[in-house]
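# Summary of structural features
As a plain string of letters, each chain reads:
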Amino acid sequence: MKKWMIVAGMSGLLVSTGCANNGNEESGADEAEEASSDASGKNNGEGQEETEGDTEENAEEAENDGRSEAGEDPPETEENGDLENPSAIDALINREYHLPSDYEPENLVIPDVAFPFEGEPQKKYMREKAADQLENMFAEAQEEDIELSAVSGYRSYDRQESIFAANAEEDGEEEANKYSARAGESEHQSGLAMDVSAASVGYSLTTDLGETEEGEWLEENAHEYGFVVRYPEDKTDITGYQYEPWHLRYVGKDLAGTLHENDWVMEEYYGEELEEESSNGEEDK
Ligand SMILES: [Zn+2]
């Protein structure tokens, strides 16, 4: 059975790091381990063999002239970039489209899947709809002898804020911005994201996951359950984030199918490719 979450008062709980969306905060053995895996993002250049997109697609891009690949309008926002409908399953959340500081998702539950740690910390939670599909996905993977493990899900605005502040103090704000999301800019606040790993990579959040059978299974099958690998290796200049084979975002089966079929990330779907944020650090490091 899933456990329901009481959001109030949860912000003090530990939340994992390691994902580029939170960065390498220190504190806690659990967190230190995950944070160390974050450094593996430097390996991005190795083994890159992603398709470059065939000429047909390139021709289409030229015709679209910067407009949305799918012809979809980007989400409505307030002047400050806050989403008007932050609870939308297909919400675009990045450095330009933010979740409001007071947004807390409803129906947060702990999915009944494997975690590499005990207890009921905030990071085990997801929105119920996403949790249900995560359970289905993990169960189907297990049928195929693919053992997945959930590592880090929901993260409150306050939690993200303190993580970014810690990173900025450590590395400076500009540097921290390359690997860590500011509060309101992390998909983890939506309750629709889960970082997923496997025993084969020590449950760490590492780009090595993409080379494992578990990582490959996720890339090929996650859309069947409404999830997408949100930050693919060949889209870093569009998403503004380094390759994160572990970061799964629930968007619903329809949109996940569309994105998978067309090899789009959400920014392409909405025609909102980030221009100034293309420096995600991987080329500098
Ligand atoms: Zn993540």
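Residues numbered from 1 in each chain as written. Predicted model: local features only at pLDDT ≥ 70, side-chain atom pairs only at ≥ 80, totals over all residues. Heavy atoms only, no water.

Regarding its fold elements, the protein chain presents 9 helices and 6 strands. Out of the 285 residues in the protein chain, the part that is buried amounts to 55%. Counting only contacts in the protein chain whose residues sit at least 6 apart along the sequence, the fraction spanning at least 24 positions is 71%. Carbon and sulfur atoms form 39% of the exposed surface of the protein chain, whose accessible area is close to 13100 Å². (Helix = DSSP H or I, 4+ residues; strand = E, 2+ residues; numbered from the N terminus. Buried < 20%, exposed > 50% of the residue type's maximum accessible area, 1.4 Å probe, protein only. Contact = heavy atoms within 4.5 Å. Areas by Shrake-Rupley, 256 points an atom, 1.4 Å probe, with all protein chains shown as cover.)

Attention now moves to helix H3 (residues 128-143). When the terminal C-alpha atoms of H3 are compared, their 23 Å separation across 16 residues agrees well with the 22 Å that a helix rising 1.5 Å per residue should span. Where H3 is concerned, the buried positions are Ala130, Ala131, Gln133, Leu134, Glu135, Met137, Phe138 and Ala141. Where H3 terminates, the next one or two residues include aspartate 145, which has phi positive at roughly 60 degrees. (Expected span 1.5 Å × (residues − 1).)

To continue, consider unusual backbone geometry. Positive phi outside glycine occurs at aspartate 145, with the angle close to 60 degrees. In this structure, aspartate 145 sits in the loop between H3 and strand S3 (149-152). Even without being a glycine, tyrosine 203 presents a positive backbone phi close to 60 degrees. Its place among the elements puts tyrosine 203 in the loop between strand S4 (193-197) and helix H6 (213-221).

Let us look at the side chain of histidine 98. Take histidine 98: it is sitting in the loop between helix H2 (55-64) and strand S1 (108-109). Residue class for histidine 98 comes out buried when judged on its relative accessible area of 16%.

With that out of the way, let us pick up the pairing of strand S6 (residues 244-250). Where burial is concerned, most of S6 is hidden: 7 out of the 7 residues are buried. Two elements, S4 and S6, share 3 bridges in a ladder whose sense is antiparallel. Considered in S6, the bridge of methionine 194 is made with leucine 248. Two strands pair when backbone bridges link them, and strand S5 (residues 227-231) and S6 are joined in this way by 4 bridges, in the antiparallel orientation. Bridge pairing links valine 229 to leucine 248 in S6. (Pairing = 2+ DSSP bridges.)

All right, on to the sheet that holds S5 then. Strand order in the open sheet formed by 4 strands is S3-S4-S6-S5, and the pairing between neighbours is antiparallel. For this open sheet the edge positions go to S3 and S5, each flanked by a neighbour on one side alone. Averaged over neighbouring strand pairs, the angle between their axes works out to 45 degrees when direction is ignored. (Axes fitted to C-alpha atoms, helices over the stretch in contact; angles between N-to-C directions.)

Summed over the entire model, instances satisfying the criterion amount to 6 aromatic pairs. Taking the centre distance of 6.4 Å and the plane angle of 25 degrees together, the rings of tryptophan 217 and tyrosine 225 count as stacked. Owing to a relative accessible area of 6%, tryptophan 217 belongs among the buried residues under this scheme. Here a set of aromatic residues connected by ring pairs shows up, and it is made of Trp264, Tyr269 and Tyr270. Between the NZ or CZ atom of arginine 95 and the centre of the ring of tyrosine 241, over which it lies, the distance is 4.3 Å. When the ring centre of phenylalanine 117 is taken as origin, the NZ or CZ atom of lysine 123, which lies over that ring, is 4.4 Å away. (Phe/Tyr/Trp six-rings, centres within 6.5 Å; stacked < 30°, edge-to-face > 60°. Lys NZ or Arg CZ within 6 Å of the ring centre and 35° of its normal.)

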